[in-house]
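Commentary on secondary and tertiary structure
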Amino acid sequence: MKVLILGGDGYIGWPTAMKLSATGHEVMAVDNYLRRRLMRDIDCEALFEVPNLHERARVWEESSGKSVEVRIGDLDDWSFISSIFEEFKPDSIIHYAEQPSAPYSMLDRRAARLTLDNNLGVTFNVIQAMAEYTPEAHLVKLGTMGEYGTPNIDIEEGWIEIEHKGRSDKFLFPRAAGSFYHTTKVLDTDMLWFYVRVWGLRVTDLMQGPVYGLATEESGEDDRLYSFLNYDEVFGTVLNRFMVQAVAGYPLTVYGRGGQTRGYLHLKDALQCVQLAVETPADKGELRVFNQFVETFSVNDLAELVRKSGERLGLQVEVKNLPNPRKEAEEHYYNPAHTGLIDLGLQPNKLTDEVVDHMMEITMRYRDQISTDRIFRGVKWKK
Ligand code: USQ
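Residue numbering note: each chain is counted from 1, following its sequence as written. With pLDDT at 70 or above as the cut-off, local features in this predicted model cover only qualifying residues; side-chain atom pairs require 80 or more to be listed or tallied, and sums for whole chains, interfaces and linings still use all residues. Remark: hydrogens and water are excluded; side-chain values derive from all non-hydrogen atoms of the structure.

**Details of the site of the ligand**
Formally: If a single non-hydrogen atom of a residue is within 4 Å of a molecule or strand, that residue counts as near it. Think of a polar contact as two N or O atoms within 3.5 Å of one another; within protein, one of them needs to be a possible hydrogen donor and the other a possible acceptor, and neighboring residues in sequence only count if both atoms come from side chains. The method behind every accessible area is Shrake-Rupley, applied with a 1.4 Å probe, and residues are considered shielded solely by the protein chains displayed. We count a stretch as a helix when DSSP gives it H or I for four or more residues in a row; a strand needs E for two or more, and each element gets its number in order from the N terminus. When residues are sorted by character, Ala, Val, Leu, Ile, Met, Phe, Trp, Tyr, Cys and Pro go into the nonpolar class, Asp, Glu, Lys and Arg into the charged class, and all the rest, Gly among them, into the polar class.
Close contacts around the ligand come from 21 residues, with Thr144, Tyr181, Val238, Thr253 and Glu328 the closest. Side-chain polar atom of Tyr181 to an oxygen atom of the ligand: 2.7 Å apart, as the coordinates give it. Here an oxygen atom of the ligand sits 3.4 Å away from a polar atom, N or O, in the side chain of Arg262. When the free accessible area of the ligand is taken as 730 Å², the share hidden by the protein chains comes to 93%. Sorting the residues of the shell around the ligand by element identifies helix 7 (180–199), helix 8 (238–248) and strand 10 (252–255) as the ones contributing at least two each. The element best represented in the shell around the ligand is strand 10, accounting for three residues. Across the shell around the ligand, the residue classes tally to nine nonpolar, eight polar and four charged.

**Some thoughts on the sheet that holds strand 13 (residues 295–298)**
For clarity, the cut-off: If DSSP finds at least two bridges between two strands, the strands pair.
Strand order in the open sheet made by the three strands is 9-11-13, with mixed pairing throughout. If you trace the sheet from one side to the other, it starts and ends with strand 9 (211–212) and strand 13, each paired once. Of the pairings in the sheet, the one linking strand 11 (residues 261–266) to strand 13 comprises four bridges and is antiparallel in character. In the strand pairing of strand 13, Gly263 is matched with Thr296.

**Quick notes on a positive patch on the surface**
As a reminder, the rule being used: To count toward a patch, a residue needs a relative accessible area above 30% and no salt bridge. Like charges then connect within 9 Å, nonpolar side chains (Val, Leu, Ile, Met, Phe, Trp, Tyr) within 5 Å. For this document, the term salt bridge refers to a Lys or Arg side-chain nitrogen within 4 Å of an Asp or Glu carboxyl oxygen. His is not counted, nor are the chain ends; Lys and Arg add positive charge and Asp and Glu add negative charge. By convention, charge coordinates are those of NZ in Lys, CZ in Arg, CG in Asp, or CD in Glu.
Positive charge collects at one region of the surface, where Arg37, Arg40, Arg109 and Arg110 lie side by side. Residue assignment for the positive patch shows that the elements contributing at least two residues are helix 2 (34–41) and helix 6 (109–133).

**Focus: the sheet that holds strand 2 (residues 26–31)**
This is how the line gets drawn: Each axis is a line fitted through C-alpha atoms, and for a helix only the stretch in contact is used; angles between axes span 0 to 180 degrees, taken between their N-to-C directions. We call two residues in contact whenever any of their non-hydrogen atoms come within 4.5 Å of each other.
Judged by pairing direction, the sheet is parallel, and its seven strands sit side by side in the order 3-2-1-4-5-8-12 without closing on themselves. Two strands in the sheet have a free side with no partner beyond their single neighbour: strand 3 (68–72) and strand 12 (287–292). For this sheet the average axis-to-axis angle between neighbouring strands, irrespective of direction, equals 20 degrees. Pairing of strand 8 (residues 202–208) with strand 12, which is carried by six bridges, proceeds in the parallel orientation. Looking across to strand 12, one finds that Thr204 is bridged to Arg288. In this fold helix 1 (residues 13–22) packs onto strand 1 (2–6), strand 2, strand 3 and strand 4 (92–95), with an angle of close to 170 degrees to the strand it touches most, strand 1.

**Details of the packing of helix 8 against helix 10 (residues 299–312)**
In plain terms, the rule: Handedness of a helix crossing follows the sense of rotation of the near helix relative to the far helix, less than a right angle counterclockwise being left-handed and clockwise being right-handed.
Taken N-terminus to C-terminus, the directions of helix 8 and helix 10 make an angle of 35 degrees; their axes are 10 Å apart at the nearest point. Along this stretch, helix 8 crosses helix 10, giving a crossing that reads as right-handed. Judged by residue contacts, Val238, Leu239, Phe242, Met243 and Ala246 of helix 8 engage Val299, Leu302, Ala303 and Val306 from helix 10. Across the contact of helix 8 with helix 10, the residue classes break down as nine nonpolar, no polar and no charged.

**Quick notes on the packing of helix 4 (residues 78–88) against helix 6**
Our working definition: Throughout this description, any angle smaller than 35 degrees is read as roughly parallel, any larger than 145 degrees as roughly antiparallel, any in the 65 to 115 degree range as roughly perpendicular, and the remainder as oblique.
Look at helix 4 against helix 6: their axes get within 10 Å of each other, and the N-to-C directions meet at 40 degrees. The angle between helix 4 and helix 6 places the two elements in the oblique class. Both helix 4 and helix 6 take part in a crossing whose hand is right-handed. Each of Trp78, Ile81, Ser82, Phe85 and Glu86 in helix 4 lies in contact with helix 6, whose residues at this interface are Asn125, Val126, Gln128, Ala129, Met130, Glu132 and Tyr133. Taken together, the residues that form the contact of helix 4 with helix 6 break down as seven nonpolar, three polar and two charged.

In short, geometric facts, not functional conclusions.
The following block contains the structure:
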């Protein structure tokens, strides 16, 4: 298949490009380096330097013999995105090209506006380009479990049957996002659903939980092929942050009471899920939704896993409850369905002690590069 990866330089984008090219797909990766620029702008650089996308593609080709075509440009610009679709004519489009950080979207008005313009603008352009150049293609769009929030009922896989006054119908499961970033993903879903209804597009919307991990089968131990490892408060996700904190001897930053529960998955499983979605496309006129995670943990559970791993590796790990800078439930019911991807063949990699220890060992290699003043800056949700 010809697979177009939008946001191909990102934390999941680059590993996806390697994985799908290794599998034999013809891959083009497109990015405008937005994440790199934002990381630089707000002084949140990743733990180690990551070569640019052209360079990564060269290293990958040398090590695997597989090629990834690279294009750099802004997908919010119609002349650029339309030229990409016209040239490459993808069978499948994976859309990761969004500002991915909840705290970034809550920094200030400018950051919120950038998140809104970029995320909605690119999704809109992708829809228009698909309709114009590749109406039979399948769009795999990265959404987030955070679209649902933490309702006091079981979360279904995208859709819910509602019976009301003796009649029933199927609706998108109610959404209640917890940050402005998550809200842009809700708006994406609504926009996609509209164009699926009126233009009959094929779309899979992946509700993904927080991802952890770095090495994949394709990167092996070659750090030139690793993703960004962000440990700062804005771009780092919680488990990656805790591991770096443990290695740096910085008390683990549990926000509030630490009962916040989410569905997590290893980067390798995120790749499996996306590959399964690409290889078994949604039907024409279908908005297919999968809840993409493997197991649920509270923040306290994760802190405890990292603390114990630290003990095994000879590190003294302290855990500290900080006043929560976010507005979120700290104790809540959480039971989301997640059978769709398992039914397609997902083989989950669980967060075992060995997996935590391996990630901690990788992190320890870069101990001298950790700058602890990046770890906490207190981006507040409340005005
Ligand atoms: N948390 C802490 N301490 C920290 C960092 C986070 O207690 O130092 C807590 C947060 O308050 C939250 C949970 O850990 O309750 C997860 O936070 P996170 O920063 O790992 O994840 P989040 O902001 O929700 O965003 C990440 C990705 C985003 C993706 C989302 C999936 O950055 O792109 O959409 O995970 S989900 O959380 O399911 O919406």
